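Structural features, examined
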Amino acid sequence: MKFLQRILASVKPNFEKGGRFEKFHPAFEALETFLFVPGQTTAHGVHVRDAMDLKRTMMTVIIALVPTLLFGMWNVGYQHHLAYGMDASLMDNFWFGCWKVLPIIVVSYAAGLGVEFVFSILRGHPVSEGYLVTGLLIPLTLPVTVPLWMVALAAIFCTLLGKEIFGGTGMNFMNPALLARVFLFFAFPAYMSGDIWTDLSPEAGQAIVDGYSGATNLVAFDANYHALPSAGDMFWGFEQGSIGETSTAACLIGALILILSGVGSWQVIVSCFAGALLMGLLLNGMAPADVPNHAMHTPAYYHWLMGGFAFGAVYMATDPVTAAQTERGKWIYGLLIGAFTVVLRVFNPAYPEGMMLSILLLNVFAPLIDHIVVEQHIKKRLNRA
Amino acid sequence: MGKSIRIRRGYDIRLEGSAEKTSSALPLSDVIALKPSDFPSFLPKVLVSPGEEILAGQPVFFDKDRPNLRICSPVSGEVAEVVRGEKRQILEVRIIPDRETTRYLEFPKQDPAGVSRGDLLQRLLDSGVWNYIRQRPYGLIADPADVPKSIFVSCFDSAPLAPSLGFVVGQEPENFQAGLQALQVLANGQLHLGLRADPADADLDESVLRGIPPEHIHRFSGPHPAGNVGIQIHHISPIQKGEVVWVVHPQDVLVIGRLFREGRYRAQRTIALTGSCVARPQYFQMLAGQRISDLTGARLQADHCRIIQGNVLTGNRSSADDFLSFYTNQVTVIPEGDQPEFLGWLLPGFKKLSLSRTYFSWLAPNRVYRLDTNTHGEERAFVMTGQYDKVLPMDIFPVHLLKAILARDIERMEQLGIYEIAEEDFALCEFVCTSKIEVQKIVAEGLDYIRKEG
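Rules of the game
Residues numbered from 1 in each chain as written. Chains lettered and ligands numbered in written order. Predicted model: local features only at pLDDT ≥ 70, side-chain atom pairs only at ≥ 80, totals over all residues. Helix = DSSP H or I, 4+ residues; strand = E, 2+ residues; numbered from the N terminus. Rg over C-alpha atoms; globule rule 2.2 N^0.38 Å. Buried ≥ 20, exposed ≤ 12 C-beta atoms within 10 Å, placed from the backbone. Contact = placed C-beta atoms within 7 Å. Nonpolar A, V, L, I, M, F, W, Y, C, P; charged D, E, K, R; others polar. Core = buried A, V, L, I, M, F, W, Y, C linked by C-beta atoms within 7 Å. Domains from an automatic or database assignment. Pairing = 2+ DSSP bridges. Axes fitted to C-alpha atoms, helices over the stretch in contact; angles between N-to-C directions. Arc of directions from axis to C-beta. pLDDT = per-residue confidence, 0-100. Left-handed = near helix turned anticlockwise from the far one by under 90°.

What follows concerns the overall build of chain B. Helix and strand counts for chain B stand at 11 helices and 20 strands. In terms of overall dimensions, chain B is globule-like: its C-alpha atoms have a radius of gyration of 22 Å, near the 22 Å expected for 454 residues. Viewed in the frame of its principal axes, chain B has a C-alpha envelope of about 65 × 45 × 45 Å. Relative to its 454 residues, chain B shows a buried fraction of 51%. Long-range pairs, those at least 24 residues apart, make up 71% of the contacts in chain B between residues at least 6 apart in sequence.

What follows deals with the overall build of chain A. The number of helices and strands found in chain A is 16 helices and 1 strand. Within chain A, the fraction of its 385 residues that count as buried is 50%. Sequence separation of 24 or more characterises 72% of the internal contacts of chain A that already satisfy a separation of 6 or more.

The next subject is the interface of chain B and chain A. Many descriptions give the size of an interface as the accessible area lost when the pieces come together. Across the contact, 61 residues belong to chain B and 49 residues belong to chain A. Among the elements of the structure, β17 (305-309), β20 (341-342), α8 (398-406), α9 (410-416), α10 (427-432) and α11 (439-453) of chain B are those that each provide at least two residues to the side of chain B that touches chain A. For the side of chain B that touches chain A, a count of residues per class yields 25 nonpolar, 22 polar and 14 charged.

Right, let's get into the nonpolar core. Ranked by size, the top nonpolar core spans 221 residues in total, and within it A180 and Y333 of chain A together with L183 of chain B carry the most contacts. Sequence-distant contacts of L183 of chain B, that is, excluding residues within four places in its chain, are made with I151, V153, L191, V248 and V253 of chain B.

This paragraph deals with the domain arrangement of chain B. Residues and elements named next belong to chain B. Domain boundaries assigned for chain B yield domain 1 (4-18 + 107-262), domain 2 (32-97), domain 3 (268-335) and domain 4 (375-453). Centre-to-centre separation of domain 2 and domain 3, based on C-alpha positions: 22 Å. Tallying the contact residues gives 7 residues for domain 2 and 8 residues for domain 3. For the side of domain 2 that touches domain 3, the per-class residue count stands at 5 nonpolar, no polar and 2 charged.

A word on the domain arrangement of chain A. Residue and element names in this part refer to chain A. Domain annotation of chain A identifies domain 1 (8-34 + 54-200) and domain 2 (251-377). On the side of domain 2, 19 residues touch domain 1, which itself brings 19 residues to the contact. Mapped by element, the contributors of at least two residues to the side of domain 1 that touches domain 2 are α3 (54-83) and α7 (176-187). Broken down by element, the side of domain 1 that touches domain 2 gets its largest block of residues, 8 residues, from α3. Split into classes, the residues belonging to the side of domain 1 that touches domain 2 amount to 11 nonpolar, 7 polar and 1 charged.

Residue and element names in this part refer to chain B. With respect to topology, 6 strands assemble into an open sheet ordered β2-β16-β15-β19-β17-β18, the strand pairing being mixed. A strand with exactly one partner marks an edge of an open sheet, and here the two such strands are β2 (20-25) and β18 (316-318). On average, each strand axis in the sheet is tilted by 30° relative to the strand beside it, whichever way the strands run.

All names here are of chain B. Residues of helix α1 (residues 117-127) that are buried include every one of L120, R123, L124 and S127, and no others. The buried residues of α1 occupy an angular sector of 95° when projected down its axis, which confines them to one face. Taken from the residues just after α1, G128 is the one with a positive phi, measuring 80°.

What follows deals with unusual backbone geometry. All names here are of chain B. In the segment running from R136 into P137, the intervening peptide bond is cis, with an omega of -5°. As for its position among the elements, P137 is in the loop between β10 (134-136) and β11 (150-154). Cis geometry marks the peptide bond from H224 to P225; its omega dihedral reads 10°. You can see P225 is positioned in the loop between β13 (217-221) and α4 (229-236). The residue H376 is not glycine, and still its phi comes out positive at about 55°. By secondary structure assignment, the location of H376 is in the loop between β20 and α7 (387-391). Unusually for a residue other than glycine, K436 sits at a positive phi of about 60°. Looking at the secondary structure, you find K436 in the loop between α10 and α11.

As a further point, take the pairing of strand β9 (residues 90-97) of chain B. For a regular strand, side chains alternate in direction, first toward one face of the sheet and then toward the other. Residues and elements named next belong to chain B. Looking at chain direction, strand β3 (residues 32-34) and β9 are connected through 3 bridges and run antiparallel. In the sheet register, A33 faces β9, and the bridge partner there is R94. One ladder, built from 7 bridges, connects strand β8 (residues 77-84) with β9; its direction is antiparallel. Pairing of E81 across the sheet is with R94, part of β9. Between β8 and β9, which pair antiparallel and follow one another directly, the connecting turn spans 5 residues, one of which, K87, has a positive phi of 55°.

Before going further, it helps to examine the sheet that holds β9 of chain B. Read across the sheet, 4 strands follow the order β3-β9-β8-β5 (chain B) without closing on themselves; strand pairing throughout is antiparallel. Each edge of the open sheet carries a strand with a single partner, namely β3 and β5 (53-54) of chain B.

Another aspect to go through is the pairing of strand β6 (residues 59-63) of chain B. All names here are of chain B. The pairing of strand β4 (residues 44-46) with β6 spans 3 bridges and is classified as antiparallel. If you follow K45 over to β6, its bridge partner there is F62. Pairing geometry for β6 and strand β7 (residues 70-72), over 3 bridges, is antiparallel. Bridge assignment links P59 to a residue of β7, and that residue is C72. Here β6 hands over to β7 after 6 residues, the two strands then running antiparallel side by side.

Turning next to the confidence of the model for chain B. Residues and elements named next belong to chain B. For chain B, per-residue confidence averages 91 on the pLDDT scale, and residues scoring 70 or more make up 99% of the total. When mean pLDDT is taken per element in chain B, strand β14 (residues 245-247) scores highest with 96 and β20 scores lowest with 80. Across the assembled chains, the prediction reports ipTM 0.91 with pTM 0.91.

On to the packing of helix α4 (residues 90-123) of chain A against helix α6 (residues 148-162) of chain A. Residues and elements named next belong to chain A. One way to put it is that α4 packs onto α6 with a least axis distance of 8 Å and a crossing angle of 35°. As α4 runs across α6, the sense of the crossing is right-handed. Every residue of α6 that contacts α4 at P103, I104, V107, S108, A111, G112, V115 and E116 is listed here: L148, V151, A152, A155, I156, T159 and L160. Class assignment for the residues of the contact of α4 with α6 results in 11 nonpolar, 3 polar and 1 charged.

In structure tokens form, the structure reads like this:
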């Protein structure tokens, strides 16, 4: 590694102040600090520091995303082969999906990181690590059939308007990855809902099986919730949907990693699930008895399994920048996300995927929730006297 | 009985190199120095000139703003030079101490319990011992004109590698007792002590606390910062706007005790030499103002070290050529961490300390670490929430308070509790911060701002 260090040291002066490529210093610095944790020492204040930094934090989230990613890749292949009535081995399914998903990931990272670097160079601030996670979250929330140029557009949109115009990672008020998805959802609705969830690229000598339906669960759910796949299938993720969100089980593994490592807020995850369950139960109680197919009758725990609920609760709602920041605020924030998701799903057939919208809505309200909590805290402090 | 309080939020950083409980006296160096910079917001005016013979206990400089605050010489000898920096700012006053015997300015020996508050206060001011009494808020030398709500002494230090204060005061139990009696008079009976409850401080002989009403002896258990006097005040009688609480370190109580029992200003301190770079960490007795190299000398076992006066969280960066400050109780020496590490953020990190479990070191919770001064990453915008709350055992929202300070919003700072905090209470917040934000610096700025503008 001394060799790499020497190369970096030899080109470094070009990027320093007064060097030929002075402007590109943030880009060089990003590469250098990616390869080497800098030998920077504490200046004033504490003399020792916790080993965790933002790179490690983001890396941990990526590790937590791996189960959903691997399962998603497998499921893409599985759904594809299912549609053609083919028997395929585990590895066949996985490689097929991997081949389809990888380009989306590559495009997402390339486009988003490109914007980050350009911005850093123009504004002269260091490249932040936030996009390491966003870049993977975006593909996982999209259907596998999404055109690559749309992925690029969404990545650029969310980095630019979701983050950089506010000052970069840590300054944004809405979850960038969800912003990318919601952008595509409203800009290109035909590519984001309907018959899009399974990769139907032709297989030689095969035809799509009769009676195959590409309608998503959440659309089926609004018409007749009895038509949903079994709870078991929805839990494990043997269903159609966006690449990373189908398996609640994989999301729960991710949740475990996030909670154990202390990177994700367990309060937010637990309260999201609790909010959805409570609202589900409430609606069960109020459901019209004479309409047995009404969505209000859906067993409350189905909301945990359907659609992107688990994925959103574990990976999106927990984003520390856009969630509520106070302890009590996190509980309120999570409960409202869960409850609001169920309300949206049950009463508004136009937007079946309530999770995305309710997280974004609560992102906007998070500062208000915090404000109320802080005001309460101040009142309590005053009464202490 | 006083209150028994369990501190839940906090963290004990386990480091290599804690001091063995043996104490040896160090010989006096050929020069000692008094540095005005040791005393916060002190505007020095020098009272002595080079070549002048002075006694131990004779004032060397005083504060222009508060002329009755003076800093006295810990030794007798000849003033060697007044070292000045930019704009003739006084950096040091150097004194060549007498070799054989120290000649003291003598004060009458008295039982502090029998002295009136006014006389006692005057004696402390005259002898220069006053500067050991500090006030909260702001952490400055106390203003003799104030009548404090109470005086607090935290009898244990919970910081990393901290000296056992029970062992330190155990060297001179009578002086400690006399010092506490003096503070009792000064506080009009409102002297509060914070003791370690769990595990009980075996080094502290509690018979020295005779004379302190039991309801003023409070016991604290739990991790650092349980020993911080600010945390203890917060849990026992929080400071409101306009109130002043004085705090004294146990080691400084000894100095006060000596003044009354021996009639002399003796600035001897028991210093714990600690840290992973020290060959045999133990306690040494030396004089405030003595050279650090007297202490570290040949006792270090590595070359590339950082010498810190104080602990790794709140101490000041020092060097072998520096002089021991009047408030130092501990000198920590740890390795400098200026070596880049290849893909360090990606490795499993079995030997990396983190409060989060993002490194696998959490599998070995009892590991003792040899931390260096590396920042482990660069400063970023604030991202991770809830981290500071986990290590600040106060009813305070740290992030919101810090934001109020950055916004210079005085009303908000007051509402969120700025008067109750000091830099040291936020040191762990700074330690855990993923974004590597310099939290203590922000707190210091906030306290400074509100003191001048509020």
